[in-house]
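Notes for the structure review
The primary structure of each chain is shown beneath.
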Amino acid sequence: MQATVRVRRHNTEAPAVHGKLQEFKFDVSENTTVLDALIKVREEIDGTLGVRCSCRASICGSCGMRVNGQARLACKTKLTDVSRDGAPITVEPMGNMPVIKDLITDMGIFWGKIRQVEPYLQPAGPEPKGEYIASDESMAHLVGVMNCIMCGACVSDCTALEVDSTFIGPAALAKAYRFVADPRDGATQDRLGTLNERSGIWDCTRCYYCVQVCPKGVAPMERIMKMRDLAMEAGYNNTSGSRHTKSFAKSVKKGGLLNETMLAVESTGWLNVPGQMAQAPIGIKSLLKGKLPNPLGHRIKARKHIRRVFDKVEGESK
Amino acid sequence: MKYAWWPGCVARGATPELYTSTVAVLERLGIEVEEMHDFSCTGAGVLQERNRKLGDTLNVRNFAIAEKQGLPIMTICSTCQGVMSQAHQRVMRDPEYLKEINGVIAEEGLAYRGTTVIKHLLWILVEEFGVEELKKRFVRDLSCLSVAPFYGCYLLRPSDALGYDRVPARETSLDRVIEATGARLIDFAGKRKCCGFPILLINQDNSLKMVANHTGAAKDDGADAMVTPCPLCHLNLDGYQDKAARKNRPDGRKIDLPIIHFPQLIGLAMGIEPDELGFKKHMVSTRDMLARLKEQAAAVR
Amino acid sequence: MFEHDLLIIGAGLAGMRAAVEAVRRGANAAMITKVHPVRSHSNAAQGGINAALTDRGDDWTDHALDTIKGSDYLADQDAVEVMCSEAGQALIELEHMGVIFSRDDQGKLGTRRFGGQKAARTFFVGAITGQAMLHVLYEQVIKANVRVYEEWFVTSLIVEDGVCHGAVALDIRNGELHTIRAKAVVMAAGGAGRVYEPSTNALICTGDGYALAYRAGAPLMDMEMVQYHPTTLASNGVLISEAARGEGAYLLNSKGDRFMLKYAPEYKELASRDVVSRSEQTEINEGRGVNGCVLLDMRHLGREVVEKKLGYLQEVAHDFVGIDLAETPIPIRPGMHYMMGGIKTDVNGATPLPGLYAAGEVANVSVHGGNRLGANSLLDTVVFGRRSAVAGIEYGTSVRNMPKNEDQRKADQARIRQLMDRPKGPRPAAVRRELAETMHNGVAVFRDQKGMEAAAARVREIRSEYEKVSIDDKGKVFNTDLVFALELGYVIDTAEAICVSALTRKESRGAHYRTDMPRRDDANWLKHILVRAGDDGEAPKVDFSPVSITRWQPVERKY
């Protein structure tokens, strides 16, 4: 069967193709991957095509790129999976990073963020003679996040990074989690403290893009959410994020439904006068339109069951 | 088909026009629903963040209530849909986990067996009602309008929990409904991205940038309105649009892009009066958009 | 002006271990790598790392004997003693760095069985041990703030008056050529899988290190010892780890028979890799294969074992073959995997060329001899990576004067210019593929005089064709076309050394199995074969060196 692949070229040394979407057509089989196609272009049609690749087996992380607008690992993406009935597919470099040439991006930003989280084990106390004792469960749990091959797909499509380049980002935060969850690491408290700050765990907008595009099932967003929980447990409670979560839980526990007005007030912080004043206008506007939710919240009849669920499940986890 | 309708927390609070427009549309389409007054909030991902099992238990309780009545669940909020679908996937993949959760809700006389189907009104209309059937009910001419879709993250990702592998056509469901109404589809870059609502109260600068980017892009591409199946997206894209524009657009110029709820679009196309659909309640005025429609209708006559 | 005490070429496990050691000792060290460190092919090692821990009642001399037997007695026993006796310390060091090794129910490091060994002494992380180790080493590189020339491609070693003083390298991002001087160089550029097709190796494994050292005058030792891994995918050569067999998987022929019971009654599926590959190939050649493959069956292991301990294999099976390993046996066949041969070094990584050290797959100490045991490669990299750094730094303290000229860089510049200016000729990829298929046909699992001679002759022809190879890309920014063309030169040099060495060894030993000379001949051939580049168009020079025997007299190898 025939495949049509459109590649976004970026080559300041070749003005004729620079910026253009160049189309290549060739015969492929059921199992041909996007990477196979690009290598074919590079080897037989146009040797100037720039693409990073190495292992072809989704372990080296070199071939991250956007296919039909979404970040993927080219060696793991079958053409038939992304092209229904032979429709042309578009291949572009990863997002949120400067482009060096064609599909090759400058991952300096990516690595900078990784370095930012002090990505090395920091054991506390003297080194044992043999190995640190650690349960198989704790090590097996880390395999999930250690599966990360640093391909950049999550960073490419992160919607928070798109608007805020200071955000530490999904890959680095997942890496940070790897140490927070490692029983041998002695810096957990400090790590959580730093991540709790501006541009850290609370800046994730929970859009699930990183979970969706990760080729290795690392689920960075889930790790970030877990660290939010751990940060609160560790006593870091002075963020609007932690106040938001607490307020949300409180109103659902109390009445079975969310109390949006209280949520807005409590997340900001009762004593945060400038913050409260900043949201006053919308509060007033809502009131005037008849849609300011009742500050006392809504209550469902079955609320005692909800309270019981809270008590029972939260009691279990203690 | 009868459904167990979960309007969600916000539809009866901060976006009451979603509730009223849904009622108006369901009535006219003859879709029977029973509102689930015993359902709790789904957790919206926030409760899950704090304690996943807690969130899952609350949702399984909701599933069990619907199952007891033998009804599939209908949601009108992308976030409710996403959270419920994820919870459902988790318990279906892990029978031990479901057993534990059933242990908690047993006291209320509930036990979830796994048969509840959860679908957003958008999917119900497209997949069960059918686009062709819908078209027959569309009597108002919307061809003078250009409409941009905004799906809402939780309706799109993670795709395996939301059935996209089984029903690939779901990917473009909102696009196709817009086209079915006769309006011009504005297929802009951000339609599948994040509106910023989850960080509105946490990092408002970033949240507003997202609002400005997406409403601005759609407007620049020629949209007269943006339609969304998620009231949380609506809250951000509508309620904070002016502030977002002031802070992020060149010269702080307003964007003025009305954000309409999915049932409001259906209702408009079906010829229901705008007042009944709650258009007066929006922060970004829908007056100009509605005036154009009126003009269009008058011109034809 | 780039100048260092220690320049490490390659940032895989051996290179990074050397770099971390060097910086710990206060040396001004740097790594050059043509890809980002975590893209190095070490990340594809799956199964595990061997070590005999005395606190478990294991004995490193057992490990040593298993290794020496596995090598078909070609390994240098003093080197094997060093590696096996240091293994325990190397393993604990890795764990202290943070590697998330699997544990037993006491919370201590857990093991699995691996080929060619009676005891279970392979420590592992699921089926991603190499990746897990590589990433942790990179974390240590970040911590130590090691200087990395990232995406720089080495075009030559600098040798003056018979001493190595550094390297010339191309900054791939901007096409600029630079001289990097160093008191000592550690070559850790990995293997040469692209010399063969199919191969489990990545596209970057083009034998750079062998060729650079060869051209600089260092000898390559036992290059004929090319390991074919028994279990690789037919479609694309991707590796299915020995760990599967370590966990108990069976090899079946078309009749559903566990044929390894016949070829290796004691070790069965866990015999040494050369024995297993030959057994499989025999079954296939004699008509008991399934579409040119045999079957690897994991069904009886149970889903939990497959998912938990062999998770990455499930991913590979799903992505590339569309099967579930817990339900269906997977077709596999032998594929080229590893170079036992390499730059001759002593137990401290020193090559006969002063100033040049080598470690990892590119080196031949020799610890693997004629056949490498699974999970010994990861061990080799960290033990000798560390030792090379120590020795290189020590040597460097005695280096007084370093040449200041730019002669090598200018020569390389001219060579590149010439390559860029050629009229349209054959494409590098097509030439490489032909060479690689030639090598697979002539110098693979079963060899004979005719086949090897034909391969050698074709390689010589291809070398002439190489002079006409042209490249499309004339730019300076990220010119991978140029890099491929240069790599092809390395592939050809490596192939030539393999052919010469293979034709020289007139016996069968380890991975070098000749159907026309099937028996091992210790009396005449218990020795290493050294190949040095000929001067200016002359044929390569062949030499020999003795095998070090300390405690274990060579005997017939039976599994």
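Residues numbered from 1 in each chain as written. Chains lettered and ligands numbered in written order. Predicted model: local features only at pLDDT ≥ 70, side-chain atom pairs only at ≥ 80, totals over all residues. Heavy atoms only, no water.

Before going further, it helps to examine the packing of aromatic side chains. Counting across every chain of the model gives 17 aromatic pairs over all chains. With centroids separated by 6.3 Å and ring planes inclined at 90 degrees, the aromatic side chains of W123(B) and Y164(B) adopt a geometry described as edge-to-face. With W123(B) in helix α6 (residues 121–137) and Y164(B) in the loop between α7 (153–156) and α8 (173–180), the pair connects residues that are 41 residues apart, well separated along the chain. Its relative accessible area of 1% is what places W123(B) among the buried residues. On the basis of relative accessibility, which here comes to 6%, the residue Y164(B) falls in the buried class. An angle of 80 degrees between the planes, with centres 6.3 Å apart, marks the rings of F259(C) and Y263(C) as edge-to-face. The structure contains a cluster of three or more aromatic residues connected by ring pairs, namely F110(A), W111(A) and Y138(C). For the cation-ring pair, R170(B) lies above W123(B), with the distance from its terminal atom to the ring centre recorded as 3.7 Å. Directly above the ring of W525(C) sits K527(C), whose terminal nitrogen or CZ lies 4.8 Å from the centroid. (Phe/Tyr/Trp six-rings, centres within 6.5 Å; stacked < 30°, edge-to-face > 60°. Helix = DSSP H or I, 4+ residues; strand = E, 2+ residues; numbered from the N terminus. Buried < 20%, exposed > 50% of the residue type's maximum accessible area, 1.4 Å probe, protein only. Lys NZ or Arg CZ within 6 Å of the ring centre and 35° of its normal.)

Residue and element names in this part refer to chain B. When the domains of chain B are assigned, the result is domain 1 (2–120) and domain 2 (131–299). The straight-line distance from the C-alpha centre of domain 1 to that of domain 2 is 24 Å. Contacts between the two partners involve 28 residues from domain 1, matched on the other side by 30 residues from domain 2. With both sides pooled, the region where domain 1 packs onto domain 2 buries about 2300 Å², and carbon together with sulfur makes up 69% of that total. The interface formed by domain 1 and domain 2 includes 2 salt bridges. (Domains from an automatic or database assignment. Contact = heavy atoms within 4.5 Å. Buried area = accessible area lost by both parts, 1.4 Å probe. Salt bridge = Lys/Arg side-chain N within 4 Å of Asp/Glu carboxyl O.)

What follows deals with helix α12 (residues 407–421) of chain C. Residue and element names in this part refer to chain C. Spanning 15 residues, α12 covers 21 Å between terminal C-alpha atoms, matching the ideal 21 Å at 1.5 Å per step. Taken together, the buried positions of α12 are occupied by D412, I416, L419 and M420. One side of α12 holds all its buried residues, which, seen down the axis, span an arc of 95 degrees. Of the exposed residues in α12, those oriented more than 90 degrees away from the buried face are K410 and D421. Buried residues belonging to α12 abut β7 (152–160), β8 (163–171), β9 (176–187) and α15 (480–504). (Expected span 1.5 Å × (residues − 1). Arc of directions from axis to C-beta.)

All names here are of chain C. Bridge count for strand β1 (residues 2–9) against β9 is 7 bridges, and the pairing is parallel. Residue pairing for β9: E3 is matched across the bridge by R181. Alignment of β1 against strand β2 (residues 29–33), held across 4 bridges, turns out to be parallel. Residue I9 lies in a different strand from β2, and its bridge partner there is I32. Note on the crossover from β1 through helix α1 (residues 13–24) to β2: the handedness is right-handed. (Pairing = 2+ DSSP bridges. Right-handed = clockwise from strand over helix to strand, strands pointing away.)

Another point: α1(C). Residues and elements named next belong to chain C. Compared with the 16 Å implied by 1.5 Å per residue over 12 residues, the 16 Å span of α1 between its first and last C-alpha is a close match. The element α1 is largely enclosed, with a buried count of 10 among its 12 residues. Buried residues of α1: L13, A14, G15, M16, R17, A18, A19, V20, E21 and A22, and no others. Looking at the buried residues of α1, the elements they touch are β1, β2, α3 (77–97), α4 (129–144) and α11 (376–396). Where α1 terminates, the next one or two residues include G26, which has phi positive at roughly 80 degrees.

Turning our attention to empty space enclosed by the protein. Applying the stated criterion to the full structure yields 9 cavities of 30 Å³ or more. In this model, the largest cavity occupies a volume close to 780 Å³. If you go around the largest cavity, you meet 48 residues; those closest to its centre are H41(C), S42(C), G190(C), G191(C) and E361(C). Listed by contribution, the elements that provide at least two residues to the lining of the largest cavity are α1, β2, β7, α5 (208–216), β14 (330–339) and α11 of chain C. Of the residues in the lining of the largest cavity, the class split is 22 nonpolar, 20 polar and 6 charged. Lining the second largest cavity are 15 residues, and of these C148(A), C151(A), C154(A), C214(A) and V218(A) sit closest to its centre. Counting residues per element, the ones that place at least two in the lining of the second largest cavity are α5 (153–157) and α7 (170–180) of chain A. The biggest single contributor to the lining of the second largest cavity is α7(A), with 3 residues. Among the residues making up the lining of the second largest cavity, the classes are represented as 13 nonpolar, 1 polar and 1 charged. (1 Å grid on protein atoms, 1.4 Å probe; cavity = no way out; pocket = protein on both sides within 12 Å on 5 of 7 lines; lining within 4 Å. Points joined across faces, edges and corners; volume = space filled by probe spheres on them. Nonpolar A, V, L, I, M, F, W, Y, C, P; charged D, E, K, R; others polar.)

All names here are of chain C. Ordered in space as β3-β5-β4, the 3 strands form an open sheet in which the pairing is antiparallel. The open sheet has two free edges, formed respectively by β3 (49–50) and β4 (111–112), since each of these has just one partner strand. Of the strand pairs in this sheet, β3 and strand β5 (residues 122–123) are connected by 2 bridges, and their pairing is antiparallel. Counted as the bridge partner of I49 is F123 from β5.

The subject of this paragraph is the pairing of strand β5 (residues 146–149) of chain B. Residue and element names in this part refer to chain B. Side-chain alternation along β5 places S146 and A148 on one buried face and V147 and P149 on a second face that is also buried. Of the pairings in the sheet, the one linking β5 to strand β6 (residues 184–185) comprises 2 bridges and is parallel in character. Looking at β6, one finds that V147 is bridged to L185. Sheet analysis places β5 next to strand β7 (residues 225–228), joined by 3 bridges and oriented parallel. Residue pairing for β7: P149 is matched across the bridge by V227.

Residues and elements named next belong to chain B. Strands sit in the order β2-β1-β3-β4 across an open sheet of 4 strands; the sheet is parallel. Of all the strands in the sheet, the pair left with one neighbour each is β2 (32–35) and β4 (118–120). Along the sheet, successive strands turn relative to each other by an average axial angle of 40 degrees, direction set aside. Sheet topology places strand β1 (residues 2–6) next to strand β3 (residues 73–75); 3 bridges connect them, and they run parallel. Following the sheet pairing, W5 is matched in β3 by M74. (Axes fitted to C-alpha atoms, helices over the stretch in contact; angles between N-to-C directions.)

Moving on, we come to the environment of L287(A). Residues and elements named next belong to chain A. Note that L287 resides in helix α13 (residues 273–288). Among the residues examined, L287 registers a relative accessible area of 54% and is labelled exposed. Put simply, L287 and G186 are 101 residues apart on the chain and 50 Å apart in space, counted from C-alpha to C-alpha.

Below, the discussion takes up the side chain of S138(A). Assignment of secondary structure puts S138(A) in helix α4 (residues 136–146). At a separation of 2.7 Å, a polar atom in the side chain of S138(A) contacts the main-chain carbonyl oxygen of S135(A). (Polar contact = N/O pair within 3.5 Å; in protein donor to acceptor, adjacent residues only side chain to side chain.)

Now for the nonpolar core. Core analysis: the biggest nonpolar cluster contains 197 residues, and V34(A), M65(A), I49(C), M298(C) and I330(C) have the highest contact counts within it. Top contributing element to this core by residue count: α3(C), with 11 residues. Counting 79 residues, the second largest nonpolar core, distinct from the first, contains F153(C), A169(C), A211(C) and I343(C). (Core = buried A, V, L, I, M, F, W, Y, C linked by side-chain atoms within 4.5 Å.)

When the parts of a complex come together, some accessible area is lost, and that lost area is often used as the size of the interface. Counting residues at the interface gives 61 residues for chain C and 61 residues for chain A. Carbon and sulfur atoms make up 51% of the area that chain C and chain A hide from each other, which totals about 5000 Å². When the area that chain C buries against chain A is broken down by residue, the three leading residues are R39(C), H96(C) and I100(C), summing to 15%. At the junction of chain C and chain A, the tally comes to 12 salt bridges. For K76(A), the salt bridge identified is with E315(C), shortest N-O distance 2.7 Å. At the junction of chain C with chain A, the criterion picks out 42 residue pairs in polar contact (both at pLDDT 80 or more). Contributions of two or more residues to the side of chain C that touches chain A are made by α3, α4, α10 (311–321), α13 (428–442) and α15 of chain C. With 9 residues, the top contributor of residues to the side of chain C that touches chain A is α4(C). By residue class, the composition of the side of chain C that touches chain A is 24 nonpolar, 17 polar and 20 charged.

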